[in-house]
Amino acid sequence: MSIVTVQLGQCGNQIGHEVFSALCSDIRGTHGLCSKKENESYQESCKERFFCEEESGVPAARAVLVDMEPKVISQTLSMAASSGHWKYNSHSHFCQKQGSGNNWANGYRVHGPRHKEAIMELVQKEAEKCDRLGGFFTIMSMAGGTGSGLGAFVTQCLRDAFPTSFLLNHVIWPYGTGEVIVQNYNSVLTLSHLYHSSDALLVHENDVIHKICAQLMNIKQISFRDVNQVIAHQLGSVFQPTHTAGGGSGYSRNPLGDLLEPLVPHPEFRLLGLRNIPQMPQSSLAFSSFSWPGLLKHLRQILIANAHMEEGIDWQVRPPQPGSSIPSTNKPLHFNTSIANLVILRGKDVHSVDVGSFQDPSLYTSWLNPQDAFNAWKTPRAFNKYEKSAALVSNSQFLLKPLDSIVGKAWNMFASKAYLHQYTKFGIQEEDFLDCFTTLEQVISSYTNL
């Protein structure tokens, strides 16, 4: 089944380009470490998911590019074409001359309705090219105006136009110190609207990725491109083909459905976090060797202690003892409770790996059977030059702190009516803000009480 990617705003288009580049370089790599037959079926499966064959023989990404200013889209189109290995379809982009000025209301109330038909027609065309449409993957930032405001509007349009398709929003969480003075407003408006129309939100925090670039990748002068490449690597490690638990010998049929059905068992809990292990500069790979038990031990502790990467994990955090009937408020400090987890293993000797430690009932909330709450996918095909690698997609309390913080900051600004006139002039009233705060307070409360 195929996935149509919708890249929204500057951030969405730059990350989208890196994602397709990472997928393409992975399937072209000779580092599969698996049988020729396995490698071929992996390549075919990836192409069906993300690319359509063009007459020229160069695969074209199944993507729609949307931005309210032309610069980033034209850069993205030419960078993809100049790679020679893949490209964007020349007619699947939409841009205007004036941006959204980092104003969510402008993107949502003005640009969205004005350009709805043109944008949705492009999406419809991409969807019709798929033999079987698995769903939509949108990539956007929460802090600006186009990605967030227009992104929230387009997500609602996708939900209305394709009510039975899976819809996953990839959202970039802004730096805590912030690039935009009103980013907390934009973020609150974006999150609450997506919560109503999307199946799940897969979140990457800029601060976390920045740390990975500095500490694991040893990059001295970190650029947006460095950050985006780490994000693209992590997304690729989830979306490249794998064998699902009950899927027989073939690769997973519906990647979005297989991902979302086990991970989002309840509509109140739609926030997904992603962690990857190992991550290191290419130059270090030749000198490193990993064992599955070691990787999984680290990955499990990353989950339990809500660590951002394999460096600096707090090994003191332990799950609560079974049988102890402590109310959830007295849980061990910093322990991260999960609703559902998915571990994806790629590489050598993958079928002999024991993932039993992730099925420990003490990791999960009491209302779900641990057998249903945990899934593992595996493939002997290595990813992106790593002999062994593991990814964890988790619906857990990963995002509780950042969410609480962003809502708190936005509320403080709202209470003093700071910058509200910029939103009211585009028709977003104080009641709209209050609705959004109510939605997110409910989300915070639900995750807190796990």
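Naming follows an unreviewed UniProt entry, where the protein appears as Tubulin delta chain of Illadopsis cleaveri. One UniProt comment on the protein, placed under Cofactor (unreviewed entry), says "Mg(2+)".

Caption draft 1: Layout of the sheet that holds strand β9 (residues 200-205). An order of β6-β4-β1-β7-β8-β9-β10-β13-β11-β12 is seen for the 10 strands of this open sheet, with the pairing classed as mixed. In the strand order of this sheet, the two ends are held by β6 (93-95) and β12 (374-379), each with one partner. Ignoring which end each strand starts from, the neighbouring axes of this sheet average 20° apart. The strands that helix α2 (residues 36-50) touches are β1 (2-8), β11 (338-347) and β12; relative to β1, the one it contacts most, it runs at about 50°. Sitting on the sheet, helix α11 (residues 292-304) is in contact with β10 (271-277), β11 and β13 (388-396), with an inclination near 20° to β13.

Caption draft 2: Structural view of the environment of G408. For G408, the location among the structural elements is in helix α13 (residues 400-415). When its relative accessible area of 29% is taken as the criterion, G408 is described as partly exposed. The spatial distance from the C-alpha of G408 to the C-alpha of F437 is 9.6 Å, given a sequence separation of 29 residues.

Caption draft 3: Looking closely at empty space enclosed by the protein. Applying the stated criterion across every chain yields a total of two cavities of 30 Å³ or more. Here the largest cavity is characterised by a volume of approximately 100 Å³. Taken together, 13 residues make up the lining of the largest cavity; nearest its centre are V203, E205, V208, L274 and R275. Counting only elements with at least two residues in the lining of the largest cavity, the list comes to β9, α7 (206-215) and β10. Broken down by class, the residue content of the lining of the largest cavity amounts to seven nonpolar, four polar and two charged. Counting the residues that make up the lining of the largest cavity, at least three belong to each of domain 1 (2-270) and domain 2 (282-323 + 331-399).

Caption draft 4: Here's a closer look at the packing of α13 against helix α15 (residues 430-448). Following both chains from N to C, one finds α13 and α15 inclined at 155°, their axes separated by 10 Å at the closest point. Comparing the axis directions of α13 and α15 gives the class roughly antiparallel. For the pair α13 and α15, the crossing hand works out as left-handed. Where α13 approaches α15, its residues L400, L403, D404, V407, A410, W411 and F414 are matched on the opposing element by E430, F433, L434, F437, L440, E441, V443, I444, Y447 and T448. Classifying every residue of the contact of α13 with α15 by side-chain character gives 13 nonpolar, one polar and three charged.

Caption draft 5: Spatial organisation of the pattern of salt bridges. If you walk through the whole model with that rule in mind, you get 11 salt bridges. Residue R225 is joined to E18 by a salt bridge in which the shortest nitrogen-to-oxygen separation is 2.6 Å. Placement of the pair is R225 in helix α8 (residues 224-239) and E18 in helix α1 (residues 9-28), with a sequence separation of 207 residues. Between R159 and D199 there is a salt bridge; the shortest N-O distance is 3.0 Å. One end of the pair, R159, is in helix α5 (residues 146-161); the other, D199, is in the loop between α6 (183-197) and β9, and 40 residues separate them in sequence.

Caption draft 6: Representation of the domain arrangement of the protein. Taken domain by domain, the protein holds domain 1 (2-270), domain 2 (282-323 + 331-399) and domain 3 (401-449). Each of domain 1 and domain 3 has a C-alpha centre, and the two are 26 Å apart. Facing the 28 residues of domain 1 at the interface are 26 residues of domain 3. Taken over both partners, the interface formed by domain 1 and domain 3 buries close to 2,400 Å², and the fraction arising from carbon and sulfur atoms is 72%. The largest share of the area that domain 1 buries against domain 3 comes from N184, Y185 and V188, three residues that together contribute 29% of it. Here domain 1 and domain 3 share zero salt bridges between them. For the pair domain 1 and domain 3, the interface holds nine residue pairs in polar contact (both at pLDDT 80 or more). For the side of domain 1 that touches domain 3, the secondary-structure elements that each account for two or more residues are α4 (104-129) and α6.

Rules used throughout
- Residues numbered from 1 in each chain as written.
- Predicted model: local features only at pLDDT ≥ 70, side-chain atom pairs only at ≥ 80, totals over all residues.
- Heavy atoms only, no water.
- UniProt positions renumbered as here; feature names shortened; annotations may be inferred.
- Pairing = 2+ DSSP bridges.
- Helix = DSSP H or I, 4+ residues; strand = E, 2+ residues; numbered from the N terminus.
- Axes fitted to C-alpha atoms, helices over the stretch in contact; angles between N-to-C directions.
- Contact = heavy atoms within 4.5 Å.
- Buried < 20%, exposed > 50% of the residue type's maximum accessible area, 1.4 Å probe, protein only.
- 1 Å grid on protein atoms, 1.4 Å probe; cavity = no way out; pocket = protein on both sides within 12 Å on 5 of 7 lines; lining within 4 Å.
- Points joined across faces, edges and corners; volume = space filled by probe spheres on them.
- Nonpolar A, V, L, I, M, F, W, Y, C, P; charged D, E, K, R; others polar.
- Domains from an automatic or database assignment.
- Parallel < 35°, antiparallel > 145°, perpendicular 65-115°, else oblique.
- Left-handed = near helix turned anticlockwise from the far one by under 90°.
- Salt bridge = Lys/Arg side-chain N within 4 Å of Asp/Glu carboxyl O.
- Buried area = accessible area lost by both parts, 1.4 Å probe.
- Polar contact = N/O pair within 3.5 Å; in protein donor to acceptor, adjacent residues only side chain to side chain.

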